[in-house]
Amino acid sequence: MPVGAAVGILLALVVVGSLSGWAALASVLALLFAASIWPLDSSGILGAIAGNAPPAVGVRQGESERTTWHAVVDAIPTAALALDAAGTLLHHNRLAAEMFPKIRDGLPMSQVSRSPDLLVAVDRALASDEERIDVELVERVPVERRVAATVSRLARPGRPYAPQVLVTFRDLTEQDRLGQMRADFIANASHELRTPLASLRAFVETLQGPAREDANARTRFLKLMALQAERMTRLIDDLLSLSRVEMRVHLPPRGIVELNETASYVCQSLEPVAEAAKAKVTVMRQEAPARIRGDREEVVQVLQNLIQNAIKYGREGGTIEVRVGRDAPRGSAVAKVWVSVTDEGPGISPEHLPRLTERFYRVNAASSREKGGTGLGLAIVKHILNRHRGELRIASRLGAGSSFTASFEELGSS
């Protein structure tokens, strides 16, 4: 098979999304090598990129050969630069242009990146026979990010139209962020479980010792133990719920949900909770049907979390208004239907609003725990709305209450 045809196969796989990273690229190349289409030596893929391929693989000299390795560099699923024997940029792909906004072919490598470690690695690759040099780059401006760079030696000098070095980059910033999120999540979950467990152990030890024969103390401690057990149960239930939602976030819902009916159902089911808190929940339905494509159980969970939060943190004896509405489409935008939950509570300071959907984030941790909050309710709401391609809008003013609005695309409007 000619190299040009094999490159065409590689490009087609990239276009249809079969290549999601270096692992996928390696898998495709491995299949080609296994079929003896491209041998893994200087006359194979690296030879094709470097311009050393013999006539047997069908690579012509000059412009045809340049077009071939350009196509290979463009197909690499990470930022990639091809350099000549002088360290001058011969070609770069689209992802490299996004990473280095001022990049252009013909620039020396020192004007593409100012990282001393990367420049030294390029010089080493050009001056020695090292086939691969790995470098880690840490950038502070305009934003902090960590990037892994690989400098690969491709060919011997002497071919003016062929690259001698290939530099590829892999941004590790998102990987680091997710790793930190996992670490924080485990630490927070452990802390939230450790506190009630420590209380339970202390109560058990007291009942086994000094309060063994004290009926009043036994009754009081058993009640406290039941409350701590309920707290752990809520936390575990929310953790499991969040895990289920995250596993399904990529699956679009297929059911149909009518928001008027769903809002009325949730408000009715929470009436006992509202009465216990001396609060009143009112529902204002939209006259026309408000239908969305959604998972009814998850939409119910969104409204339950928002209304329960309004009951917990709203004004004692106050009113919670649940309203269903519709926003008419503007221009090419689709119509939106929404459910808002508004309380008469103390309100939330502006600096807290952007972080309310973070896991375990609380405006007042002591008050939240006292009222049975786990710190996961709004995180669950956010993930469910992401799955439904919806949006959570939060508005609040100190002393004037808060409003949480879950917005969805109206069924049939797109």
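None of the values given here were measured: they were computed from a predicted structure.

### What about the pattern of salt bridges?
In step 1: Tallying each qualifying case throughout the model produces 17 salt bridges.
In step 2: For R132, the salt bridge goes to D134, with nearest N and O atoms at 3.1 Å. There is no split in this pair, since R132 and D134 are both exposed.
In step 3: As a salt-bridge pair, E410 and R326 come within 2.7 Å of each other at their nearest N and O atoms. Of this pair, E410 sits in the segment after β12 (402–409) while R326 sits in strand β9 (residues 319–327), and the two are 84 residues apart along the sequence.
In step 4: Where salt bridges share partners, they join R248, D295, E298 and R387 into one cluster.

### A closer look at the environment of I394
In step 1: Within the secondary structure, I394 is located in strand β11 (residues 391–396).
In step 2: C-alpha separation for the pair I394 and P354, spaced 40 residues apart in sequence, amounts to 8.9 Å.

### Things to note about the packing of aromatic side chains
In step 1: Overall, the coordinates contain two aromatic pairs when judged by the stated rule.
In step 2: Note on F203 and F221: the rings are 5.4 Å apart at their centroids and 25 degrees apart in plane angle, and the pair reads as stacked. You can see F203 sitting in helix α8 (residues 173–208) and its partner F221 sitting in helix α9 (residues 215–247), a full 18 residues away along the chain.
In step 3: Relative accessible area serves as the criterion here: at 16%, F203 is assigned to the buried category.
In step 4: The cationic tip of R296 hangs over the ring face of Y265; the distance from NZ or CZ to the ring centre is 4.9 Å.

### Here's the deal with the side chain of D84
In step 1: Among the secondary structure elements, D84 is positioned in the loop between β1 (79–83) and β2 (89–92).
In step 2: Buried and without a salt bridge, D84 has R153 as its closest oppositely charged side chain, separated by 9.9 Å.
In step 3: A distance of 2.9 Å separates a polar atom in the side chain of D84 from the backbone nitrogen of A86.

### Overview of the pairing of strand β10 (residues 336–342)
In step 1: Of all seven residues that make up β10, five are buried, and the element is covered over most of its length.
In step 2: Pairing analysis gives seven bridges linking β9 to β10, with the strands arranged antiparallel. Among the inter-strand pairings, R323 is bridged to a residue of β10, identified as S340.
In step 3: In the sheet, β10 pairs with β12 via seven bridges, with the strands oriented antiparallel. Its bridge partner lying in β12, V337 is registered against F408.

### Side note on unusual backbone geometry
In step 1: Here the phi dihedral of F360 falls at roughly 70 degrees; this positive angle occurs in a residue that is not glycine.
In step 2: Summarising the element assignment, F360 is placed in the loop between β10 and α13 (365–370).
In step 3: The phi torsion at R389 lies on the positive side, around 55 degrees, for a residue other than glycine.

### Considering the packing of helix α10 (residues 259–269) against helix α12 (residues 296–313)
In step 1: Orientation of α10 relative to α12, taken along the N-to-C sense of each, is 50 degrees, at an axis distance of 10 Å. When the axis of α10 is compared with that of α12, the two are oblique. Here α10 runs over α12; the crossing is right-handed. Every residue of α12 that contacts α10 at L259, E261, T262, A263, Y265, V266, C267 and S269 is listed here: R296, V299, V300, L303, Q304 and I307.
In step 2: Among the residues forming the contact of α10 with α12, the class breakdown is nine nonpolar, three polar and two charged.

Rules used throughout
- Residues numbered from 1 in each chain as written.
- Predicted model: local features only at pLDDT ≥ 70, side-chain atom pairs only at ≥ 80, totals over all residues.
- Heavy atoms only, no water.
- Salt bridge = Lys/Arg side-chain N within 4 Å of Asp/Glu carboxyl O.
- Buried < 20%, exposed > 50% of the residue type's maximum accessible area, 1.4 Å probe, protein only.
- Helix = DSSP H or I, 4+ residues; strand = E, 2+ residues; numbered from the N terminus.
- Phe/Tyr/Trp six-rings, centres within 6.5 Å; stacked < 30°, edge-to-face > 60°.
- Lys NZ or Arg CZ within 6 Å of the ring centre and 35° of its normal.
- Lys, Arg positive; Asp, Glu negative; His and termini not counted.
- Polar contact = N/O pair within 3.5 Å; in protein donor to acceptor, adjacent residues only side chain to side chain.
- Pairing = 2+ DSSP bridges.
- Axes fitted to C-alpha atoms, helices over the stretch in contact; angles between N-to-C directions.
- Parallel < 35°, antiparallel > 145°, perpendicular 65-115°, else oblique.
- Left-handed = near helix turned anticlockwise from the far one by under 90°.
- Contact = heavy atoms within 4.5 Å.
- Nonpolar A, V, L, I, M, F, W, Y, C, P; charged D, E, K, R; others polar.

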